[in-house]
Every structure is written in structure tokens, then in C-alpha cells.
Amino acid sequence: MKIAVFSDVHGNLKALKAALCQIKENGADQIIFLGDIFQRGNEEIECLELLKASGIICLKGNCELYLADGVDIDPDVEYLREYYDGMRSKLSAEQMSFIRQMPLFLEKEINGHKMHFSHFLFSDVNAPYPFLQLSSLKNGIFDKTVESEAVTKYELSAIGHSHQNFVKGKVVSVSATGLEDPSYLLINAGKDGLTFEHIDIL
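Let us look at the structure shown here. (Residues numbered from 1 in each chain as written. Predicted model: local features only at pLDDT ≥ 70, side-chain atom pairs only at ≥ 80, totals over all residues. Heavy atoms only, no water.)

Topic: the overall build of the protein
Which entries qualify depends on this criterion: Helix numbering and strand numbering both begin at the N terminus, where a helix is a DSSP run of H or I of at least 4 residues and a strand a DSSP run of E of at least 2. For the radius of gyration, the atom set is restricted to C-alpha positions; the globular benchmark scales as 2.2 Å times the number of residues to the power 0.38. Throughout, exposure labels follow a simple rule: accessible area from a 1.4 Å probe, protein chains only, divided by the maximum for the residue type, with under 20% read as buried, over 50% as exposed, and the rest as partly exposed. Here, two residues are considered to be in contact whenever any of their heavy atoms come within 4.5 Å of each other. Under the convention used here, a 1.4 Å probe and the Shrake-Rupley method define accessible areas, while residue burial counts only the protein chains that appear.
The helix and strand inventory of the protein stands at eight helices and 10 strands. Compactness check: the protein gives a C-alpha radius of gyration of 16 Å against a globular reference of 17 Å for 202 residues, within 12% of the reference. When its C-alpha atoms are laid out on the principal axes, the protein stretches across 50 × 40 × 30 Å. A buried classification covers 52% of the 202 residues belonging to the protein. When contacts within the protein are restricted to residue pairs at least 6 apart in sequence, long-range pairs at least 24 apart make up 67% of them. As displayed, the protein offers around 9500 Å² of accessible surface, 48% of which is attributable to carbon and sulfur atoms.

Notes on the packing of aromatic side chains
Here is the rule: Aromatic pairs are defined between Phe, Tyr and Trp rings, using the six-membered ring for Trp, whenever the two ring centres lie within 6.5 Å; interplanar angles under 30 degrees are classed as stacked, those over 60 as edge-to-face, and all others as tilted.
This structure, assessed with the given rule, holds nine aromatic pairs. Both rings, one in Tyr-83 and one in Tyr-84, keep their centres 4.8 Å apart while their planes meet at 85°; by these two values the pair is edge-to-face. Under the relative-accessibility criterion, Tyr-84 is labelled buried at 0%. Measuring from centroid to centroid gives 5.8 Å for Phe-142 and Phe-166, while their planes differ by 80°, and the two rings are edge-to-face.

What about the side chain of Asp-36?
Using the following cut-off: Positive residues here are Lys and Arg, negative ones are Asp and Glu, while His and the chain termini are left out of the count. When a carboxyl oxygen of Asp or Glu is within 4 Å of a side-chain nitrogen of Lys or Arg, the pair counts as a salt bridge. Each polar contact in these results corresponds to two N or O atoms within 3.5 Å; when the atoms are within protein, one needs to be able to donate a hydrogen and the other to accept it, and residues that are neighboring in sequence are counted only if both atoms are side-chain atoms.
Note that Asp-36 resides in the loop between strand S2 (30-33) and helix H2 (44-54). Arg-40 provides the closest opposite charge to the buried, unpaired Asp-36, separated from it by 7.2 Å. Among the polar contacts made by the side chain of Asp-36, one reaches the side chain of His-119 at a distance of 3.2 Å.

Some points on the side chain of Ser-157
Take Ser-157: it is sitting in strand S6 (residues 156-159). For Ser-157, a relative accessible area of 3% corresponds to the buried category.

Some remarks on the sheet that holds strand S1 (residues 2-6)
Our working definition: When DSSP finds two or more bridges between a pair of strands, those strands are recorded as paired.
The mixed open sheet is built from five strands, whose spatial order is S3-S2-S1-S9-S10. A strand with exactly one partner marks an edge of an open sheet, and here the two such strands are strand S3 (57-58) and strand S10 (193-200). Here S1 runs beside strand S9 (residues 183-190); their pairing, made up of four bridges, is antiparallel. In the sheet register, Ile-3 faces S9, and the bridge partner there is Ile-187.

Topic: the sheet that holds strand S5 (residues 113-118)
The test is simple: Axes here refer to lines fitted to C-alpha atoms; in helices the fit is confined to the stretch in contact. Angles between the N-to-C directions go from 0 to 180 degrees.
Across the sheet, five strands lie side by side as S4-S5-S6-S8-S7; this open sheet has mixed pairing. Looking along the sheet, the strands with just one partner apiece sit at the ends: strand S4 (105-110) and strand S7 (166-168). Strand-to-strand twist of the sheet, defined as the mean angle between neighbouring strand axes without regard to direction, takes the value 20°. Across three bridges, the pairing between S5 and S6 is parallel.

What about unusual backbone geometry?
If you check the backbone angles, Asp-36 has positive phi at about 80° while not being a glycine. Positive phi, normally seen in glycine, also occurs at Gln-39, with a value near 80°. Here Gln-39 is to be found in the loop between S2 and H2.

Side note on the pattern of salt bridges
Counted by the stated rule, this structure contains six salt bridges. The salt bridge involving Arg-81 is made with Asp-72; its shortest N-O contact spans 2.4 Å.

Concerning the packing of H2 against helix H5 (residues 93-101)
To be explicit about the condition: These descriptions rest on fixed angle ranges, namely under 35 degrees for roughly parallel, over 145 for roughly antiparallel, 65 to 115 for roughly perpendicular, and the rest for oblique. What makes a crossing left-handed is the near helix being turned counterclockwise from the far one by less than a right angle; a clockwise turn instead makes it right-handed. Polar here means any residue other than Ala, Val, Leu, Ile, Met, Phe, Trp, Tyr, Cys and Pro, which are nonpolar, and Asp, Glu, Lys and Arg, which are charged; Gly is therefore polar.
Axis separation between H2 and H5 bottoms out at 11 Å; the angle between their running directions is 65°. The pairing of H2 with H5 is recorded here as roughly perpendicular in orientation. You can see that H2 and H5 cross each other, and the crossing is left-handed. Of the residues in H5, those in contact with Ile-45, Leu-48, Glu-49 and Lys-52 of H2 are Glu-94, Gln-95, Phe-98 and Ile-99. Here the residues of the contact of H2 with H5 sort into four nonpolar, one polar and three charged.

Dropping the structure here:
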């Protein structure tokens, strides 16, 4: 089974359309979006509507958390209060309901391969802001989390958020679809093993 994973659209409708088109052409059996529809671009609502209509699995990123719960959940983003207050006023009740109902993570087992999908690794999945901070990539906290039982119990954990392609232990990060050097992750979960590759979005 082929699973395509992409993340961080950030309001770039052209990039989202290109990603979905290329992924479908490459024969993915399932598509998972790891979150962050909003912020940076200017076609966030159009991106939201396209994702809603696509029927793919859409997980919450920090941007969706800020929309649903307000920026007070993360003291580092007070400067974004005006943006998220404004965006919230533009969205319909149906759109807000879709955002609130987006799951925070997804667990899958295919052909004996246990996988986990989320926007980023968690510090506390039950906290208002559940993700590790990006600074964790530099201060060693991310590396410690990678080695924790909560992560190592999966054969693969796919994440976005950092806008980078990298592999650390069993954690695989995919770059931002809506920014420079976009890519998606193609996972092949077969009876003979689990493989993955980063594929550039053209």
C-alpha cells in the first residue's frame, strides 16, 4: 500500500493543487495532510475548501490550533493575534467545525507496519499546545523524544512543521508544500517491508 504524506500548505493554492495532482498521478492509495493550511499565503480559505472537498485525511497543525483555540495557547506567537482573529472572522461555522474536528494525529497499521502521523512530535498530546517547540531541534529535546518509547514503538513516524526533509531514528520529516523546495513523502508499506522516499513537487 502506498501512502503519500504532505504538510504545511500555508495558503499557497497553486502549490496545493500541484501536490495533489502529482500525488494522484503517482498512484497513492491514501493521502495524509499533516496540517498548517493557514498563515503566509493569501489563499488560505481556497486551500481549506480544496482539502475539504478532496476527502483526504487532514490532521491539525499549529495553525489550525491557533484558529480553533486562539494564540494564547502559545506565548511565542502573540504577534500573530491580529492575523488569526481576522481569519477566524472570515470563516463560516462549517469551516470552523471542520478545523476543530481535524484529528491531532493518526495511527495506522498496514501489513504489520505500525505508523504514526502528526504535524510534529508531541511534548504533551493533552496540552492546549501539544507540540514540541521548533527550538527542540537545536537544544536536544527533539533527539531525546525521538528515542522515547512513545516514538520508537512505531516503525515510522511522519511529521512536518520544520519545513525540512530529514530522518532521525524512526522519525521522517517532510518539507513544506507551500514554500520553497516542496516535497511529499511516499511510503510503501508492503508485505516484504516498509520503504519511503522524499519526492520533489514539480
